[in-house]
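# Secondary and tertiary structure notes
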Amino acid sequence: MEPQAIAGLTIAIGGLGPAIAIGLIASKAMEAIGRNPEATSKIQTNMVLGLAFAEAIAIYSLVMALILKFV
Amino acid sequence: MEISVAAEQIGELFGVIPVTNSLVVTWIIMAVILILGLAIKFGLRIIPSSLQNFVESFYEMSYEFVEGVLGEHTRVVYPFAITFFFFIAFGNLAGLLPGMGSITIDVIKHGESEALPLFRALTADLNLTFALALIAIISNQYFSIKFIGLKKYLHKFINFSSPINFFVGILEIVSEFSKILSFSFRLFGNVFAGEVLLSVMYFLVPVFVPIPFVLMEIFVGLMQAFVFSLLFIVFIKVSIAEH
């Protein structure tokens, strides 16, 4: 397989899991805000926390793809 | 179009210490923050000016936020958290200014002269984000020892009461190291990927099309600074929690 294709596949497959995870986290947060609008800022803070962890995995695979392409 | 993952070395300090282009930007940002802080401190008046007003309201808002997470230990931890936030936010925003990556300087390398960029976004260098992550995790250990005492802190990691607890203690040690990696790579990956994206956009269509990407980069830069500080204080809260 050519190296360009491998770099592309790395980020494509590596971004799949985190994308689903972020969708689930955000949807549960929206549900919780809908049930209890008064606690919005607390829910928002914790949602951002969870999003940072989920997105970090996508960033790892992105850095891997960049290293494969440019080094 | 040249993109390099590592920051390029452009000189030497006293002939021994290598100076890279992101180090130059780090010094400039440090000087800017220092001068700003000193100007606000020596300009404090009873009837506040607009800059003092803004800083005071920002301070109150963020102090209450950290107090909501940490409670009674806020006084000691707050300066750390807000310094991380300001440093990373200023650094990320400064990386978007015109002149980063385009102003070049001629460097003699192995006998031939090569034009290398003089400035580079400081958080796009893995050395800097790794150093910030090390500072965050080491001060995390210091604060846990300071708040709950040395015995309870060691009991978290080395625990002989049952085989499962012993294994959990070893996992805790490994997770401290993985926190260092995750902190540094999250910040580095976000900012470096943004830089690559902007380079490609400027290269393809230099007019009008990069505008939404620059806006997204500003948002991502501020968001990453906020997430770094938030994770820092949440990890401290988790490590001083009783079981």
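Above this text you will find the structure in question.
Here is a short report on the structure shown in this document.

Rules used in this analysis
Sequence order as written defines the numbering, with residues in each chain counted from 1. Whichever chain is written first becomes A and whichever ligand is written first becomes 1, with later ones labelled in order. In view of the model being predicted, local features appear only for residues whose pLDDT reaches at least 70, and side-chain atom pairs are presented and counted only at 80 or more, with totals across whole chains, interfaces and linings using the full set of residues. Only hydrogens and water are set aside when side-chain values are computed; all heavy atoms of the structure are taken into account. By the criteria applied, helices consist of DSSP H or I runs no shorter than four residues and strands consist of E runs no shorter than two, each listed in order from the N terminus. Computation of the radius of gyration draws on C-alpha atoms, with the globule rule given as 2.2 Å multiplied by the number of residues to the power 0.38. Under the scheme applied here, a residue whose accessible area is under 20% of the maximum for its type counts as buried, over 50% as exposed, and between as partly exposed, the area being computed with a 1.4 Å probe on protein chains only. Residues are treated as being in contact if the distance between any of their heavy atoms lies within 4.5 Å. Computed by Shrake-Rupley with a 1.4 Å probe, the accessible areas treat only the displayed protein chains as cover when residues are assessed. Charge counting follows a simple rule: Lys and Arg are positive, Asp and Glu are negative, and His as well as the terminal groups are ignored. Where a charge lies is defined by one atom per residue type: Lys uses NZ, Arg uses CZ, Asp uses CG and Glu uses CD. Stacked, tilted and edge-to-face pairs are distinguished by plane angle, under 30 degrees for stacked and over 60 for edge-to-face with tilted covering the rest, among Phe, Tyr and Trp rings (Trp via its six-membered ring) whose centres lie within 6.5 Å. Here, a charge over a ring is recorded when the distance from Lys NZ or Arg CZ to the ring centre is within 6 Å and its angle to the ring normal is within 35 degrees. Working definition of a nonpolar core: buried Ala, Val, Leu, Ile, Met, Phe, Trp, Tyr and Cys residues. They are joined through side-chain atoms within 4.5 Å. The quantity reported as buried area is the accessible area (1.4 Å probe) lost by two parts once they are put together, taken as the sum for both. Between Lys or Arg on one side and Asp or Glu on the other, a salt bridge is scored when a side-chain nitrogen of the former is within 4 Å of a carboxyl oxygen of the latter. Here a polar contact means two N or O atoms within 3.5 Å. Within protein one must be a hydrogen donor candidate and the other an acceptor candidate, and residues neighboring in sequence count only if both atoms are side-chain atoms. The angle between two axes is taken between their N-to-C directions and runs from 0 to 180 degrees, where each axis is a line fitted to C-alpha atoms and a helix contributes only its stretch in contact. Crossings are sorted by hand: turned counterclockwise from the far helix by less than a right angle, the near helix makes the crossing left-handed, and turned clockwise it makes it right-handed. Residues are grouped as follows: Ala, Val, Leu, Ile, Met, Phe, Trp, Tyr, Cys and Pro are nonpolar; Asp, Glu, Lys and Arg are charged; all remaining types, including Gly, are polar. Put simply, a patch holds well-exposed residues, over 30% relative accessible area, that have no salt bridge, with like charges counted together within 9 Å and Val, Leu, Ile, Met, Phe, Trp or Tyr side chains within 5 Å. Every helix has an expected span of 1.5 Å times one less than the residues it contains.

## Section: the overall build of chain A
On a plain count of helices and strands, chain A comes out with 3 helices and 0 strands. Traced from its N-terminal end to its C-terminal end, chain A shows the element sequence α-α-α. For chain A, the C-alpha radius of gyration of 16 Å lies well beyond 11 Å, the compact-globule estimate for 71 residues. Dimensions of chain A, computed from C-alpha atoms along their principal axes, come out at roughly 55 × 15 × 10 Å. Per-residue burial for chain A yields a buried fraction of 25% across its 71 residues. Put simply, 76% of the contacts in chain A that link residues at least 6 apart link residues at least 24 apart. In the structure as shown, chain A presents an accessible area of about 4,600 Å², 70% of it carried by carbon and sulfur atoms. Once the 4 positive and 4 negative side-chain charges of chain A are each reduced to a mean point, those two points are 6 Å apart.

## Some words on the overall build of chain B
Of the regular secondary structure elements, chain B holds 7 helices and 4 strands. Dimensions along the principal axes, computed over C-alpha positions, put chain B at roughly 65 × 55 × 40 Å. In chain B, which comprises 243 residues, the share counted as buried stands at 40%. Of the contacts made within chain B by residues no fewer than 6 positions apart, 67% connect residues no fewer than 24 positions apart. Distance between charge centroids for chain B: 14 Å, based on 12 positive and 17 negative side chains.

## A word on the environment of A133 of chain B
Residue and element names in this part refer to chain B. Mapped onto the elements, A133 comes out in helix α4 (residues 126-148). Taking the C-alpha atoms as reference points, A133 and F177, separated by 44 residues in sequence, lie 10 Å from one another. Residues within four places of A133 in sequence aside, it is in contact with I180, F183, S184 and F228.

## With respect to unusual backbone geometry
For F208 of chain B, which is not glycine, the phi torsion reads 65 degrees and is therefore positive. When you line up the elements, F208 of chain B lands in the loop between α6 (163-204) and α7 (210-239).

## Quick word on the packing of aromatic side chains
Under the counting rule described, the total for this entry stands at 20 aromatic pairs over all chains. Their ring planes at 70 degrees and their centres at 5.1 Å tell us that Y63 of chain B and Y78 of chain B sit as a pair that is edge-to-face. A residue pair is termed long-range when its members are at least 10 positions apart, and Y63 of chain B in helix α2 (residues 50-70) and Y78 of chain B in helix α3 (residues 74-94) qualify at 15 residues. With relative accessibility at 21%, the residue Y63 of chain B sits in the partly exposed group. Ring plane angle 55 degrees and centroid distance 5.7 Å describe the contact between Y142 of chain B and F143 of chain B, whose orientation is recorded as tilted. In this structure F143 of chain B comes out as buried when scored by relative accessible area, which is 1%. Every member of this aromatic cluster is reached through a ring pair, and the members are F53 of chain A together with F80, F84, Y142, F143, F147, F183, F228, F232 and F235 of chain B. Seen from the ring of F235 of chain B, K179 of chain B lies directly overhead, with NZ or CZ sitting 4.3 Å from the centre.

## As for the nonpolar core
Core analysis: the largest hydrophobic core is formed by 51 residues, its most contacted members being V77, L132, F183, F192, F228, F232 and I233 of chain B. Elements represented by at least two residues in this core include exactly α3 (40-70) of chain A together with α1 (21-42), α2, α3, α4, α6 and α7 of chain B. When neighbours within four sequence positions are excluded, F232 of chain B is seen to be in contact with V77, F80, A81, F84, A136, S139, F143 and F183 of chain B. Among the nonpolar cores identified, the runner-up in size contains 5 residues, and I10, V19, V24 and V107 of chain B belong to it.

## A short note on the interface of chain B and chain A
Residue-level contacts link 19 residues of chain B with 14 residues of chain A. For the chain B and chain A pair, buried surface summed over both sides reaches about 1,400 Å², with 85% attributable to carbon and sulfur atoms. The tally of links from chain B across to chain A stands at 0 salt bridges. For the pair chain B and chain A, the interface holds 1 residue pair in polar contact (both at pLDDT 80 or more). Secondary structure elements with two or more residues in the side of chain B that touches chain A: α6 and α7 of chain B.

## A short note on the packing of α2 of chain B against α7 of chain B
Residues and elements named next belong to chain B. The contact between α2 and α7 brings their axes to 9 Å, and the two run at 35 degrees. Crossing geometry of α2 relative to α7 is assigned as right-handed. Listed contacts from α7 to F65, V66, V69 and L70 of α2 are F226, L230, I233, V234, I236 and K237. Within the contact of α2 with α7, the residues separate by chemical class into 9 nonpolar, no polar and 1 charged.

## A word on a negative patch on the surface
Taken together, the side chains of E56, E60, E64 and E67 of chain B make up a negatively charged region of the molecular surface. With respect to the helices and strands, the residue E60 of chain B is situated in helix α2.

## Topic: α1 of chain B
The terminal C-alpha atoms of α1 of chain B, which comprises 22 residues, lie 32 Å apart, in line with the 32 Å expected from a rise of 1.5 Å per residue. N21, S22, V24, V25, T26 and I29 of chain B are the residues of α1 of chain B that are buried.

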